[in-house]
Amino acid sequence: MSFDGVQATNCDATKCKYSAVKMGYWHDNYIQYFVTGYERKTPEINRGYYARTKGVAMFMDKFLMKTGSNCQIINLGAGFDTLYWRLKESGVRINNYIEIDFPSVTSKKCFLIKKNKILLDTIGTHDEIKFIGPELHSNDYHIIGTDLRNLTELDKKLCQSGINFEIPTLFLTECVLVYMEQESSSMLLQWIAKKFNDIFFINYEQVNMNDNFGRIMLDNLRSRGCQLAGVDACLSPQTQIDRFVRVGWDSARSWNMINIYEYLPVDDRYRMERLEMLDELELLQQLLQHYCITIAWKGGTMADVDHL
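Small disclaimer: the values here were computed from a predicted structure and weren't measured.

## Comments concerning the overall build of the protein
Okay, step 1: When its secondary structure is counted, the protein shows twelve helices and nine strands.
Okay, step 2: Expected size for 308 residues packed as a compact globule is a radius of gyration near 19 Å; at 18 Å, the protein falls within 12% of this value.
Okay, step 3: Once the C-alpha set of the protein is aligned to its principal axes, its extents read approximately 50 × 45 × 40 Å.
Okay, step 4: Here the protein holds 308 residues, and 58% of them are scored as buried.
Okay, step 5: Accessible surface for the protein amounts to roughly 13500 Å². Of this, 50% is attributable to carbon and sulfur atoms.
Okay, step 6: Taken together, the 34 basic and 39 acidic charged side chains of the protein have centroids lying 3 Å from each other.

## Considerations on the UniProt feature "binding site: S-adenosyl-L-methionine" (unreviewed entry) in the protein
Okay, step 1: UniProt feature "binding site: S-adenosyl-L-methionine" (unreviewed entry): in the numbering of this structure it lies at Arg52, Gly77, Asp147, Leu148 and Glu174. These annotated residues cover 123 residues of sequence, and their C-alpha atoms reach 24.7 Å apart at the extreme, placing them across more than a single site.
Okay, step 2: Take Gly77: it is sitting in the loop between β1 (72-76) and α3 (83-89).
Okay, step 3: Classification of Gly77 as partly exposed rests on a relative accessible area of 24%.
Okay, step 4: The residues touching Gly77, leaving out its near neighbours within four places in the chain, are Ile100, Asp101, Leu148 and Val176.
Okay, step 5: In this fold, Glu174 is placed in strand β6 (residues 169-174).
Okay, step 6: Side chain to side chain, Glu174 and Arg52 meet in a polar contact 2.6 Å long.

## As for the packing of aromatic side chains
Okay, step 1: On inspection of all chains with the given rule, the structure shows 19 aromatic pairs.
Okay, step 2: Grouped by ring-pair contacts, the aromatic residues Phe165, Phe171, Trp191, Phe196, Phe201, Phe244 and Trp249 constitute a single cluster.
Okay, step 3: Lys109 extends its terminal NZ or CZ atom over the ring of Phe34, reaching a point 5.6 Å from the ring centre.
Okay, step 4: Here Lys114 stacks its cationic end above the ring of Phe131, 4.9 Å away from the centre of that ring.

## Structural notes on the nonpolar core
Okay, step 1: Ile113, Phe200 and Ile202 are the most contacted members of the largest nonpolar core, which totals 75 residues.
Okay, step 2: Take this core: its biggest share by element is nine residues, from helix α2 (residues 43-67).
Okay, step 3: Among all residues touching Ile202, those that are not within four sequence positions of it are Val56, Phe59, Met60, Leu170, Phe171, Leu172, Thr173, Ile293, Thr294 and Ile295.
Okay, step 4: Leu158, Phe196, Val247 and Ala252 belong to the second-largest nonpolar core, a separate cluster that totals 29 residues.

## Some details on the layout of surface pockets
Okay, step 1: There is about 420 Å³ of room inside the second largest pocket.
Okay, step 2: Elements represented by at least two residues in the lining of the second largest pocket include exactly α2 and α3.
Okay, step 3: Ranked by residues supplied to the lining of the second largest pocket, first place goes to α2 with seven residues.
Okay, step 4: Across the lining of the second largest pocket, the residue classes break down as ten nonpolar, three polar and five charged.

## A few points about the packing of α2 against helix α12 (residues 281-289)
Okay, step 1: Two elements in contact, α2 and α12, have axes separated by 10 Å at closest approach and are oriented at 35°. When the axes of α2 and α12 are compared, the crossing they make is right-handed. Two secondary-structure elements touch here, α2 through Glu44, Arg47, Gly48 and Ala51 and α12 through Leu283, Leu284, Leu287 and Leu288.

## Re the sheet that holds strand β9 (residues 291-298)
Okay, step 1: What the nine strands build is an open sheet, ordered β3-β4-β5-β2-β1-β6-β7-β9-β8; its pairing is mixed. The sheet terminates laterally at β3 (130-132) and β8 (251-256), the two strands that pair on one side only. Shown here is a sheet whose adjacent strand axes are inclined to one another by a mean of 15°, direction ignored.
Okay, step 2: Pairing geometry for strand β4 (residues 135-137) and strand β5 (residues 141-145), over two bridges, is antiparallel. In the sheet register, His137 faces β5, and the bridge partner there is His142.
Okay, step 3: Most of the contacts of α2 go to strand β7 (residues 199-206), to which it runs at about 170°, and overall it touches β1, β6, β7, β8 and β9.

## A word on the environment of Ile129
Okay, step 1: Inspection of the secondary structure puts Ile129 in the loop between α5 (117-123) and β3.
Okay, step 2: Its relative accessible area of 11% is what places Ile129 among the buried residues.
Okay, step 3: In this structure, the C-alpha to C-alpha distance between Ile129 and Cys16, residues 113 residues apart in sequence, is 30 Å.

## Structural notes on the pattern of salt bridges
Okay, step 1: Following the criterion strictly, the structure yields 17 salt bridges and no others.
Okay, step 2: With a closest N to O distance of 2.6 Å, Arg149 and Asp147 form a salt bridge.
Okay, step 3: Among the salt bridges present, the one from Glu205 reaches Arg243, with a minimum N-O distance of 2.6 Å. With Glu205 in strand β7 and Arg243 in helix α9 (residues 237-245), this residue pair connects regions lying 38 residues apart in the sequence.

Reading the values: the criteria
- Residues numbered from 1 in each chain as written.
- Predicted model: local features only at pLDDT ≥ 70, side-chain atom pairs only at ≥ 80, totals over all residues.
- Heavy atoms only, no water.
- Helix = DSSP H or I, 4+ residues; strand = E, 2+ residues; numbered from the N terminus.
- Rg over C-alpha atoms; globule rule 2.2 N^0.38 Å.
- Buried < 20%, exposed > 50% of the residue type's maximum accessible area, 1.4 Å probe, protein only.
- Areas by Shrake-Rupley, 256 points an atom, 1.4 Å probe, with all protein chains shown as cover.
- Lys, Arg positive; Asp, Glu negative; His and termini not counted.
- Charge placed at Lys NZ, Arg CZ, Asp CG, Glu CD.
- UniProt positions renumbered as here; feature names shortened; annotations may be inferred.
- Contact = heavy atoms within 4.5 Å.
- Polar contact = N/O pair within 3.5 Å; in protein donor to acceptor, adjacent residues only side chain to side chain.
- Phe/Tyr/Trp six-rings, centres within 6.5 Å; stacked < 30°, edge-to-face > 60°.
- Lys NZ or Arg CZ within 6 Å of the ring centre and 35° of its normal.
- Core = buried A, V, L, I, M, F, W, Y, C linked by side-chain atoms within 4.5 Å.
- 1 Å grid on protein atoms, 1.4 Å probe; cavity = no way out; pocket = protein on both sides within 12 Å on 5 of 7 lines; lining within 4 Å.
- Points joined across faces, edges and corners; volume = space filled by probe spheres on them.
- Nonpolar A, V, L, I, M, F, W, Y, C, P; charged D, E, K, R; others polar.
- Axes fitted to C-alpha atoms, helices over the stretch in contact; angles between N-to-C directions.
- Left-handed = near helix turned anticlockwise from the far one by under 90°.
- Pairing = 2+ DSSP bridges.
- Salt bridge = Lys/Arg side-chain N within 4 Å of Asp/Glu carboxyl O.

If you want it as structure tokens, here you go:
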């Protein structure tokens, strides 16, 4: 299976996030360094990315409130995500932050970081940062180039990046597992559940993909070379939950993005909704119905986080 189309979605997502940031939907001083050119997206796309970004942050904040700095974040299929810099800017300090993606993606990210003083200075001093091929290693930030289906290499590279299997660890994925064969993603989730003692997973992904709107989304993605090999786990909130529970996670919960959107702080939502007029409210609602955030956990730290 070719992953060229899948890797292209990283650039698409980065451009969409940059569009929303430029319009004032949320604050990100760093995404500008990972895009070339500005392409204004439609209001429903901007609002959808707002809900995605704020929803993921809401659950991440719950994790960080419980753990303080004694934790790790592992961002699977991270692409050009800027979360590491945004956390640093907001004063959050954690033991270790690790990003994993295909080497072809991580090499581009490393190239962009290497030539940008602001990004480098946030990571550390010149002596603390090492670029090795398509990878970056520093005291608390690592970019690893590997295929998530290769668990032997993943284990080895995580150990080289100073991973601690004993302390609370947050795993984050945004539209990543759906591109893997379900057998491969199940093996990955099972491996994580066996290796780590205290874990919390946040997965943003498609859902309700077996109705007409979902089938149209699938056809559009396939026309761009993106085969959703793992779509069977995205048929309903229950299939999203089952994928975790059946491979050894203690429990899981899933909400579509309409639920998440309605739960976000009212004052910030009001501010955001005034940024630009939205004519296609029905289209936004359909989009939100076909994405979800699923959380899963194993161990004691996040055992009571089963509600919004």
